[in-house]
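Here is how the chains run, residue by residue.
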Amino acid sequence: MNQSYDVAIIGAGIVVTSTAHAMAKAGYSVICIDPLPAAGYGSTSNSSAIVRTPYSTLDSTALAWESLQQWRQWRTCLGEIGPSPLVEFYEAGMLYLNNGHDEAMENSLSHLTSLNIPWTLWNNETVAHHFPGFDMVSFAPPKRPDHPDFGEPSGVTMSGGYWTPDAGYISDPAQAAQNLKESAECYGAQFMFHTKVCGIQQDNGRVTGLLLEGSNVTELSCRIVVNAAGPYSTVVNAMANVQSDMLVQGRPLRQETCSLQRPESFTRITDQKAIVMDTDAGVYYRTEPSNKFVVGGTEPACDPLEWIDEPETLNKNPTDNWTAQVYRAALRIPSLSIPDRASGVADLYDVTQDWTPIYDRSCLDGFYMAVGTSGNQFKNGPMIGSIMKTLIEYCESGSDHDSHPCHYTLPLTGNRINLATFSRKRTATEGIGNVLG
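Residues numbered from 1 in each chain as written. Predicted model: local features only at pLDDT ≥ 70, side-chain atom pairs only at ≥ 80, totals over all residues. Heavy atoms only, no water.

Of all 5 residues making up strand E21 (residues 367-371), 5 are buried, and the element is well covered by its neighbours. Taking every second residue as pointing to the same face, both faces of E21 are buried, with Phe367, Met369 and Val371 on one and Tyr368 and Ala370 on the other. Relative to E21, strand E14 (residues 224-227) runs parallel, the two sharing 3 bridges. Paired with Val225 across the strands is Phe367, a residue of E21. Pairing geometry for strand E20 (residues 358-361) and E21, over 4 bridges, is antiparallel. Looking across to E21, one finds that Ile358 is bridged to Val371. What sits between E20 and E21 in their antiparallel hairpin is a turn of 5 residues, with Gly366 showing a positive phi close to 85°. (Buried < 20%, exposed > 50% of the residue type's maximum accessible area, 1.4 Å probe, protein only. Helix = DSSP H or I, 4+ residues; strand = E, 2+ residues; numbered from the N terminus. Pairing = 2+ DSSP bridges.)

See below:
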């Protein structure tokens, strides 16, 4: 059986549902294909779902600032809504602890300033007032618990931190994807689950459709395909044979986050929500609406990156990375209780060399990519679809995005971003140490 659509999108996470929402709302016939049973069921479901604004590039900062405003008015952002409850955006300022040696953060602060995004420099006394449980000595560089000098102060005191009052998180990221899916369906989008894409059809240099397995539909005809398959996006790109001109590509990286009991001394106000980035100790942490406390890693040099080129082989059980992250968090928060049994989640990031996504066309006409989201793009979920729609319409009208990049004016803030920031052909500096992705 063969069916025909304007747009076929591969995947069902937050990037896919956002793109389906934007395209369907604009009047395109849209089909989304995913082997899993529901929207947001893959890596989206295990996102830390933090919404913050500091980034290493001006365009990424502007996009994050716009997206934060959209999360604040989620109901309006969606337009038509489905039957499921809408997710809540929890306002929670973000503290970025400063040991005086983070060039990436210093660069990001200049972008915040240029965009009039509020931030404040806190000294150690101010940090202690708001977070009385912190030990403000420096432990840099981060070390693993089996290192002989683990837990030994570096001899330097922290220099306070940077506070951005405009930040927060979504407690149920899978539900956010479900909200977008149901809204997209109100505008006519369709979703096909338990179905795998096994081939990209093309003719004369243009995509013409998809080959499928797992459903009664074996072929789809379409003039536009969007690869948003997350950790599987490299496999899909290989099917389409579009990797030859990509200077930046994604690769699946295993990540763990830890679930603990919230320490009573974490903040002065016990029910205050907060996010803390602590690169000095190599971790970040945030509260939950309940009494839970989420801890994740910031990819310090001491932690080997675990690349998983066959996503099906992912081990979702806690490893010694769990122990390393929790112990490092306990250096900063001595009252943190470490349980006897590890609890948390492990999943895959689709990571590029510079931890910045690829939102771009490809060398195959009609084949577009929203990939390499590197674990930090959930926050831009409200805007990714609109960006992809703008890019697709720009290219389909005959414009050459590679030589004359598409620019996009963000609707709420009015900031204008250059979509070449997310090009597959950009010059990327490899490594997390010099970017804030």
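From this point on, the discussion continues.
Attention now goes to the pattern of salt bridges. Evaluation of the coordinates by the stated rule reveals 22 salt bridges. The residue Arg286 makes a salt bridge to Glu288 at a minimum N-O spacing of 3.2 Å. Neither Arg286 nor Glu288 differs from the other in exposure class; each is buried. Arg426 is the salt-bridge partner of Asp354, the closest N and O atoms lying 2.8 Å from each other. One end of the pair, Asp354, is in the loop between strand E19 (344-351) and E20; the other, Arg426, is in the segment after strand E23 (416-418), with 72 residues separating them in the sequence. Here Asp354 matches Arg426 in class, with each residue buried. Residues joined in a network through salt bridges with shared partners are Asp245, Asp360, Asp402, Arg424 and Lys425. (Salt bridge = Lys/Arg side-chain N within 4 Å of Asp/Glu carboxyl O.)

Turning to the sheet that holds strand E4 (residues 50-51), a few remarks are in order. Sheet strands pair by backbone hydrogen bonding; their relative direction is either parallel or antiparallel. Across the sheet, which stays open at both edges, the 3 strands sit in the order E4-E9-E5 with antiparallel pairing between neighbours. Of all strands in the sheet, those bounded by a partner on one side alone are E4 and strand E5 (89-91). Judged from the 3 bridges that link them, E5 and strand E9 (residues 168-170) form a sheet pairing that is antiparallel. Each bridged residue has a counterpart across the sheet, and for Glu91 the counterpart in E9 is Gly168.

On to the state of the cysteines, then. Scanning the entire structure with this criterion turns up 0 disulfides. Free of any disulfide, Cys186 has its nearest neighbouring cysteine sulfur in Cys77, separated by 14 Å. No disulfide involves Cys258; its nearest neighbouring cysteine sulfur is the one of Cys302, lying 14 Å away. (Disulfide = S-S within 2.5 Å.)

Before going further, it helps to spend a moment on the nonpolar core. In terms of nonpolar packing, the biggest core is built from 72 residues, with Ile9, Val30 and Trp71 touching the most fellow members. No other element matches the 7 residues that helix H9 (residues 381-396) contributes to this core. Sequence-distant contacts of Trp71, defined by excluding residues within four places in its chain, comprise Val51, Val87, Phe89, Ile170, Ala176, Phe378, Lys379 and Pro382. If you look at the next biggest cluster of nonpolar residues, it comprises 26 residues, including Leu210, Leu212, Val225 and Leu364. (Core = buried A, V, L, I, M, F, W, Y, C linked by side-chain atoms within 4.5 Å. Contact = heavy atoms within 4.5 Å.)

Where helix H2 (residues 58-72) meets H9, the axes come as close as 7 Å, and the angle between the chain directions of the two elements is 115°. Residues Leu63, Glu66, Ser67, Gln70 and Trp71 of H2 touch H9, and the partners they reach there are Pro382, Met383 and Ile387. For the contact of H2 with H9, a count of residues per class yields 5 nonpolar, 2 polar and 1 charged. (Axes fitted to C-alpha atoms, helices over the stretch in contact; angles between N-to-C directions. Nonpolar A, V, L, I, M, F, W, Y, C, P; charged D, E, K, R; others polar.)

By secondary structure assignment, the location of Thr287 is in strand E17 (residues 283-287). Among residues more than four places away in sequence, those in contact with Thr287 are Tyr169, Arg262, Phe266, Gln272, Lys273, Ala274 and Lys292.

Evaluation of the coordinates by the stated rule reveals 10 aromatic pairs. Taking 6.1 Å as the distance between ring centres and 15° as the angle between the ring planes, the aromatic pair formed by Phe191 and Phe193 counts as stacked. Both residues of the pair, Phe191 and Phe193, count as buried. A connected cluster of aromatic rings, assembled from ring pairs, spans Phe131, Phe134, Tyr285 and Phe293. Positioned above the aromatic ring of Phe191, the side-chain terminus of Lys181 is 5.6 Å from the ring centre. In this structure, Arg286 is placed above the aromatic ring of Tyr169, and the distance from its NZ or CZ to the ring centre is 4.3 Å. (Phe/Tyr/Trp six-rings, centres within 6.5 Å; stacked < 30°, edge-to-face > 60°. Lys NZ or Arg CZ within 6 Å of the ring centre and 35° of its normal.)

By themselves, these are just geometric observations and shouldn't be taken as functional.
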